[in-house]
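# Analysis of the macromolecular model
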Amino acid sequence: MKKQFIAVKFLMLVCLINTTTVFAQNIKEELANKLQANMDAVWKNADADFSSNQIPEKWKGFSGVIIAQKIKFVFDKGSGVDKLNVYETTHRKIKLLDKDGVNSFSEFYFRRGHENDGFALHIIKADGIVDTVSLLTAVLVEDNDDVPNTFTPYFEKQSTIKNKTKSENIYFKLAVSNLEPGDIIDYASTVFNDNDAAKMNSLEFDPVYYLCHRGYPVVSQKFEINTDEKSYVNSKSINGAPEFKEGSSGGYKTFTWEDRDREKIKDTRWVNEYMVLPMTKFQIIYSKNNNPEDLFISDRGELKKSITPEELAKKVNGIYEKMDASAGKKLNQDNILAAYTSGLLNQTEYYLRKGEAYELNDDDFIKRVYYILRHTNGLYGNRMASQFFAYVMLEKLKRKNILAELIITTDNSTTQMGNVIFGSELQWLVKAKNKYVFNFSTNSNPFDLKDDYLGNEAYSITLGKTPTATAVTLPVATPEENYNTTTIEASMDENLEKTNITSTSASKGISKHDNESAALNYTNVYDVDYLAYFGENDLDQLPEKKREEYDRLIFARKEEFKKRKPLYMKRQLQNEYSNVISYDNFNLITDGRTFNKQELKYTEKFVLGDLTRKAGKNYLVNVPLLMGGQIQVKPEDRQRKYDIDVRYPHTLTWDIKYAIPAGFAVKGLDGLNQSVENEVGAFTTKAIIEGNFLKLNIKKVYKQTKIKKEDFGKMLDFIDAAYNFSQRKILLKKL
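Residues numbered from 1 in each chain as written. Predicted model: local features only at pLDDT ≥ 70, side-chain atom pairs only at ≥ 80, totals over all residues. Heavy atoms only, no water.

## Observations regarding the nonpolar core
In this structure, Val623, Leu626, Tyr658, Leu696, Met715, Ile730 and Leu732 are the most contacted members of the largest nonpolar core, which totals 59 residues. The element contributing the most residues to this core is helix H12 (residues 712-726), with 8 residues. Contacts of Leu696, omitting those with residues within four sequence positions, involve Val623, Pro624, Trp654, Asp655, Ile656, Leu672, Lys686, Ala687 and Phe725. Ranked by size, the runner-up nonpolar core spans 45 residues in total, among them Leu344, Met384, Met393 and Phe440. (Core = buried A, V, L, I, M, F, W, Y, C linked by side-chain atoms within 4.5 Å. Buried < 20%, exposed > 50% of the residue type's maximum accessible area, 1.4 Å probe, protein only. Helix = DSSP H or I, 4+ residues; strand = E, 2+ residues; numbered from the N terminus. Contact = heavy atoms within 4.5 Å.)

Put into structure tokens, the structure is as follows:
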């Protein structure tokens, strides 16, 4: 296990440095014809909704309107017991009304991963002429990550033990140049995946979360799910969304969902979409044994729509028992979880023993386990499911005789406990020493709170023969715990055209999470991650020749990072300032990834333009804009339909020290001192002149996570104050 981890780390380093050049490949005519022919049945059997080319008058001011959309899934084990065939057919008809709409569909993507895959595109002109678009100009997609979600299937091929299947993900891109406003695009695609179910008792497909509101208004949208006798459907509709309806057809159990006349949502800022907007969610589970104790399923042909706390406790207990490492024997799905967790336990134990961690006090032991798990499973894009984190943490704490609880909750940007219907919606964490320990991320620390769980409903689960679920509430955060502080020193060049900036940023709590990706990208902090658990460099275990090769690679990567970092940080700054002339220096002071130094802190040097405007002999300078871009709420967005969710309470402060150019004096300080505060938030500023410096202290506070729509006006009080302040200019008067 130790050698495997080092080898994987070495391989990831190589992948970070090396790139591969792939030349564009055009599609072959035979394949193009086959893909289009496979869609003939869709055109022939299209629903009546696709026969119309008309849209409601009320929607003609939008960039586009979805006239009809239908997505059909067929789950069929076919003739063999070890296969589960999945057909996913999408049919969309959209009227494009302006240039933005046309540009949004100037490129189409389709998969050619199996002989059953298909794609065809029709363009219906304003005069009714239908143009079948040729696929012969389509080119192979080099990186599937470039394929927009609109053109990827909801259900990918499942990862299984044997995995002897023929379907694969090969995509082509088709550029369409003859689109015009007023055109209708009518396209259909089929993606086929043959899943290998040998040695698998069940297959759980990723849940689908579908918001009724789309990017365009919708006349008609439908889902149809056809299942065989071994496939089951979980579904729940919330916030007024239509429900699935059950039926049968051609030997299949069918589940259909239909929604009509759906407006395009307007006020999406500060909306927790999955929690407040009309949405349906569903999951398909294939089970050979129909074992509802382990899976979140009902009897065949029945929609599973809810789970009681008692059911939850039994299901969580069953999953925990399957992870019991002592059960791992021959590799099959019954004990594949145990085989995996056995490896995790052994790997963690190796590091614990090596560091004599069992001699530590309880708090330090918890930290040690946490950082070891983060080090071995959380770097270079790796992740660990929360159930495995909680399992290993609980088992190691048990070994150290530290009392701990298993806590189950949900991600509050996805669902709440009362609406849980899928096993994947559960988030596992641990409570020990009266503190909550959440699953790690690449840069997190033990006991960090996360905005996805603040104030959540949760259950404390007792495991064993008679498992129970006791309702608890997770802790909340305060604005003081989550902060971002920026200290800026600014001075003008001799021509009073450019502003030289030295900026120091510090953040902690959940605010740190929002800033750490940009700050730590293209740095070498992960090379010394082992210091977080007081360990040794794993790479010291490499043979001499391998280590020399690694050192060459790490040197090359550092040199590459030196080039990429300033370019990357300049792009980040351009989100805040309109004219970043140059980005000159970045210095990381503390990375915030260890328990003793949890604050992320770094310094930047850069040059800005467009802050000054000459007014005769004087100058107008937008010093307040150094705080960065502030939110402007336009008149059409000031009426609120939904409650506000800012994710977490937090505090933003800016301390600006502006050097007054020689021969000038600052006028108009009165407008730079203000205070707006209520129970929702605050914005306060103070301005003074000390010697040759104008000093601004600016503070913006979000006091609450969730704000009622009726209190939106109170939020606007300090939001507007911040924006208006950022637009103010000071007068530099010539002496």
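## What to know about the packing of aromatic side chains
Aromatic rings in a pair are described by how distant their centres are and how their planes are angled relative to each other. Tallied over the full model, the rule gives 44 aromatic pairs. Judged by centre distance (6.4 Å) and plane angle (5 degrees), the rings of Tyr583 and Phe606 are stacked. In this pair, Tyr583 is assigned in strand E23 (residues 580-591) and Phe606 in strand E24 (residues 600-608), connecting sequence segments 23 residues apart. Here Tyr583 falls in the buried class, since its relative accessible area comes to 10%. Among the aromatic residues, those joined into a cluster by ring pairs are Phe73, Phe75, Tyr154, Phe155, Phe205, Tyr210, Phe223, Phe244, Trp257 and Phe282. Its end group placed over the ring of Trp270, Arg269 keeps NZ or CZ at 5.5 Å from the ring centre. Its guanidinium or amino end placed over the ring of Phe693, Lys657 lies 4.4 Å from that ring's centre, counting from NZ or CZ. (Phe/Tyr/Trp six-rings, centres within 6.5 Å; stacked < 30°, edge-to-face > 60°. Lys NZ or Arg CZ within 6 Å of the ring centre and 35° of its normal.)

## Some points on a negative patch on the surface
Judged by side-chain charge, Glu142, Asp143, Asp145 and Asp146 come together as a negatively charged surface patch. You can see Glu142 is positioned in the loop between strand E6 (139-140) and strand E7 (171-175). Accessibility expressed as a relative area gives 55% for Glu142, which makes it exposed. (Patch = residues over 30% accessible without salt bridge, like charges linked within 9 Å, V, L, I, M, F, W, Y side chains within 5 Å. Areas by Shrake-Rupley, 256 points an atom, 1.4 Å probe, with all protein chains shown as cover. Salt bridge = Lys/Arg side-chain N within 4 Å of Asp/Glu carboxyl O. Lys, Arg positive; Asp, Glu negative; His and termini not counted. Charge placed at Lys NZ, Arg CZ, Asp CG, Glu CD.)

## Quick word on the side chain of Glu395
Within the secondary structure layout, Glu395 lies in helix H9 (residues 386-399). Of note is the side chain of Glu395, whose polar atom sits 2.7 Å from the side chain of Tyr320. Within polar-contact distance, the side chain of Glu395 engages the side chain of Lys398 at 3.3 Å. If sequence neighbours within four positions are ignored, Glu395 has contacts with Tyr320 and Leu345. (Polar contact = N/O pair within 3.5 Å; in protein donor to acceptor, adjacent residues only side chain to side chain.)

## Examining the pairing of strand E8 (residues 184-196)
The buried fraction of E8 is high, at 13 of 13 residues. By the alternation rule, side chains of E8 split into Ile184, Asp186, Ala188, Thr190, Phe192, Asp194 and Asp196 and Ile185, Tyr187, Ser189, Val191, Asn193 and Asn195, which are all buried. Relative to E8, strand E2 (residues 83-96) runs antiparallel, the two being bridged by 13 bridges. From the neighbouring strand, Ile94 faces E8, where its bridge partner is Ile185. (Pairing = 2+ DSSP bridges.)

## What to know about the sheet that holds E7
Strand order in the open sheet made by the 3 strands is E3-E7-E6, with antiparallel pairing throughout. The sheet is open, and its two borders are formed by strand E3 (107-111) and E6, each paired with just one other strand. Pairing of E6 with E7, which is carried by 2 bridges, proceeds in the antiparallel orientation. When the bridges of E7 are listed, Val139 appears paired with Lys173.

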